[in-house]
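Listed here are the chains, written in short residue letters.
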Amino acid sequence: MSVKLDQDLRGVGTKFRLFPQPPFLEPFGEPETVWVSPLAGTVGSGPADERMYVVDPIHKDKPYEFPYMPPYDLAVHPAVPPDALGHFDYLEPDSRAFKVAHMYGTIRRVLDIWEGYRSGRIDWHFREEFERMELIPLLDWDNAQSGYGFIEAGHVVTEDGDDVQFSLNFDVLAHELGHSIIFSQVGFPGEGTDTVEFLGFHESASDLIALISVLHFDSVVDHLLQVSRGNLYTLNELNRIGELSETEQIRIASNLSKMSDFLDGWTNVHDVAQPLTGGIFDIFVDVFELLLLERGLISERMWSLAEKVPEEPVDENEIQWLFDQAYQGRHQAFKDALLDARDYMGELFATSWQHLSPNDLTFARVGDALLTADRQLTGGRYQDSIFENIVWREIGSVPLGPEMETSATDPQLHAIRGVTALSIVPGLSYRHRMEVACRGV
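What comes next concerns the included structure. (Residues numbered from 1 in each chain as written. Predicted model: local features only at pLDDT ≥ 70, side-chain atom pairs only at ≥ 80, totals over all residues. Heavy atoms only, no water.)

Looking only at helices and strands, the chain has 13 helices and ten strands in total. Sorting the 441 residues of the chain into buried and exposed places 59% on the buried side. When contacts within the chain are restricted to residue pairs at least 6 apart in sequence, long-range pairs at least 24 apart make up 70% of them. With an accessible surface of roughly 17,600 Å², the chain has 50% of that area assigned to carbon and sulfur atoms. (Helix = DSSP H or I, 4+ residues; strand = E, 2+ residues; numbered from the N terminus. Buried < 20%, exposed > 50% of the residue type's maximum accessible area, 1.4 Å probe, protein only. Contact = heavy atoms within 4.5 Å. Areas by Shrake-Rupley, 256 points an atom, 1.4 Å probe, with all protein chains shown as cover.)

Written as structure tokens, this is what we have:
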């Protein structure tokens, strides 16, 4: 969704208030008003529209798992209605109704964003069996998942003892919708052509969908620039995906993972995804810094220092000081460059999906698709950055090692077993089994 398209929704769409980051984070204690694309008055009680609907069960004690699948047909809480003007921004944040509406508003908002980047409708991959996606916002379960025809969100107790509701966590919900978007746009591998890297791509793509989506909140962009001064490699809410507390997060987009980290083997497909996620995050930072350079907002020397790869010696304090000086009094100019980099990355990513096959997918083929998409969008303006970052992550040059055995009580938060999940759901079609392997945050 470009800046212009986002502006076009204001005043005509349906209003919701969303937390761009979990409300326990001090800068984001108040929800931000957003407009989703359905016209005011067209979103019914639930909330519900022609693409999705919310169901709030009175007692659903387990997540969906074949053959227990949507639609949910037991007792439910009353559907949340719109106000007299057709909006949902009247709800109080501490109410159950707000949490219910927050899940719909988040999923709808993220779908709008990526249909904007895709320049067209993104049909559900399960449309042959379900016309609409079912949303379950308040499940008594310590995870969230995207499945065949549904997304459901539970909660988790953090190390600090806080009970975090995933229905209020924009990153987590955006990640789960990301799985559905990728299944729709890239497809399902044919039997015998599935790869671990396909699953890793799914996790990486879903994280990146969440990262780019959260940059559509003014409060996030403003706070990000205020704390980083444009130095996006500082640890901040942007690259801490799925924050659970001030110090806990599910994953970090800005990471130093390389394929050689998994040469001897791997246990978690979320970890396998990190070199690809980190490489694409690096491309995003490169584009942002190049725009700053081209617009005279940073010097050639500053750009050269910031461009050094992590293994080269650099003075991090000097780099941050230079960003501090360059940013001073130029917040809006830095913000404009960041939004332009955001929209380029959204279009690049969405365009790359058209050049990917799910069969025998590798990270190297994802890199090739990004290069092709850049040539299509810009005539090849960012080829060097894309190529160099993919190469630095050893994508295409170092093979992925074998899956290693791990404890059945693996303590890693939200771990999934990757391809092993394909064989543990008897009676499920191959397509559904492939989807099971990509569940969880």
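With that settled, the discussion passes to the nonpolar core. Ranked by size, the top nonpolar core spans 126 residues in total, and within it Trp114, Phe201 and Trp353 carry the most contacts. With sequence-adjacent residues up to four places away left out, Trp353 is seen in contact with Trp114, Ile181, Ile182, Gln185, Val186, Phe201 and Ile209. (Core = buried A, V, L, I, M, F, W, Y, C linked by side-chain atoms within 4.5 Å.)

So, about helix H3 (residues 170-185). For H3, built from 16 residues, the straight-helix expectation of 22 Å at 1.5 Å per residue is met to within 8% by its first-to-last C-alpha distance of 22 Å. Of the residues flanking the start of H3, the one acting as N-cap is Asn169, its side-chain oxygen 3.2 Å from the backbone nitrogen of Asp171. Immediately downstream of H3, the backbone of Gly187 shows phi near 100 degrees, a positive value. (Expected span 1.5 Å × (residues − 1). Polar contact = N/O pair within 3.5 Å; in protein donor to acceptor, adjacent residues only side chain to side chain.)

Residue Pro47 is bonded to the preceding Gly46 through a cis peptide linkage, with omega at 0 degrees. Following Phe66, the chain continues into Pro67 via a peptide bond in cis, with omega recorded as 5 degrees. Of note, the phi angle at Arg229 is positive, near 55 degrees, even though the residue is not glycine. Residue position: Arg229 is located in the loop between helix H5 (218-228) and strand S9 (240-243). One non-glycine residue with positive phi stands out, namely Asp360, at about 55 degrees. Looking at the secondary structure, you find Asp360 in the loop between helix H10 (331-352) and helix H11 (363-378).

This brings us to the environment of His179. By the element assignment, His179 lies in helix H3. In sequence terms His179 and Ile209 are 30 residues apart; their C-alpha atoms lie 9.3 Å from each other.

Taken in spatial order, the four strands line up as S3-S4-S6-S5 in an open sheet, and their pairing is mixed. On the outer flanks of this sheet lie strand S3 (52-54) and strand S5 (144-147), each paired with one strand and no other. The sheet shows a mean angle of 10 degrees between the axes of neighbouring strands, taken without regard to direction. Sheet topology places S3 next to strand S4 (residues 133-136); three bridges connect them, and they run parallel. Its bridge partner lying in S4, Met52 is registered against Met133. Against the sheet, helix H2 (residues 96-118) makes contact with S3, S4 and strand S6 (150-153), and its axis sits at roughly 165 degrees relative to S3, the strand it touches most. Each of S4, S5 and S6 touches H3; the most contacted strand, S5, lies at about 20 degrees to it. (Pairing = 2+ DSSP bridges. Axes fitted to C-alpha atoms, helices over the stretch in contact; angles between N-to-C directions.)

This part is about the packing of H2 against helix H4 (residues 196-214). In contact at an axis separation of 10 Å, H2 and H4 are set at 95 degrees when each is read in the N-to-C sense. The orientation of H2 with respect to H4, classified from their angle, is roughly perpendicular. Mapping the contact onto sequence places Val110, Ile113, Trp114 and Tyr117 in H2 and Leu208, Ile209, Ile212 and Ser213 in H4. (Parallel < 35°, antiparallel > 145°, perpendicular 65-115°, else oblique.)

So, on to the packing of aromatic side chains. The relative placement of two aromatic rings is captured by the distance of their centres and the angle of their planes. Counted under the stated rule, the structure contains 21 aromatic pairs. Seen in terms of ring centroids, Phe16 and Tyr104 are 5.3 Å apart; in terms of plane orientation they differ by 35 degrees. Their pairing is tilted. With Phe16 in strand S1 (residues 13-18) and Tyr104 in helix H2, this pair connects stretches of sequence that are 88 residues apart. This pair shows no difference in class: Phe16 is buried, exactly as Tyr104 is. Their ring planes at 15 degrees and their centres at 5.5 Å tell us that Trp124 and Phe126 sit as a pair that is stacked. The buried category is assigned to Trp124, whose relative accessible area is 3%. Residue Phe126 is classed as buried on the basis of its relative accessible area, which comes to 0%. Connected via pairs of aromatic rings, a cluster forms that spans Trp114, Tyr117, Phe349 and Trp353. Above the plane of the ring of Tyr64 lies Lys60, whose end atom (NZ or CZ) is 3.9 Å from the centre. (Phe/Tyr/Trp six-rings, centres within 6.5 Å; stacked < 30°, edge-to-face > 60°. Lys NZ or Arg CZ within 6 Å of the ring centre and 35° of its normal.)

This part takes up the side chain of His87. Structurally, His87 is set in the loop between S3 and H2. Its relative accessible area of 10% is what places His87 among the buried residues. Within polar-contact distance, the side chain of His87 engages the backbone nitrogen of Lys15 at 2.9 Å. The contact partners of His87, leaving out residues within four places of it in the chain, are Gly13, Thr14, Lys15, Ala40 and Pro82.

As a further point, take the pairing of S6. The side-chain alternation of S6 yields two buried faces, one formed by Phe150 and Glu152 and the other by Ile151 and Ala153. The pairing of S4 with S6 spans three bridges and is classified as parallel. For Leu135, the partnering residue across the bridge sits in S6 and is Ile151. Pairing geometry for S5 and S6, over four bridges, is antiparallel. Within S6, the position partnered with Ser146 by the bridge is Ile151. Connecting the antiparallel pair S5 and S6 is a turn made up of two residues, with Gly149 showing a positive phi of about 100 degrees.

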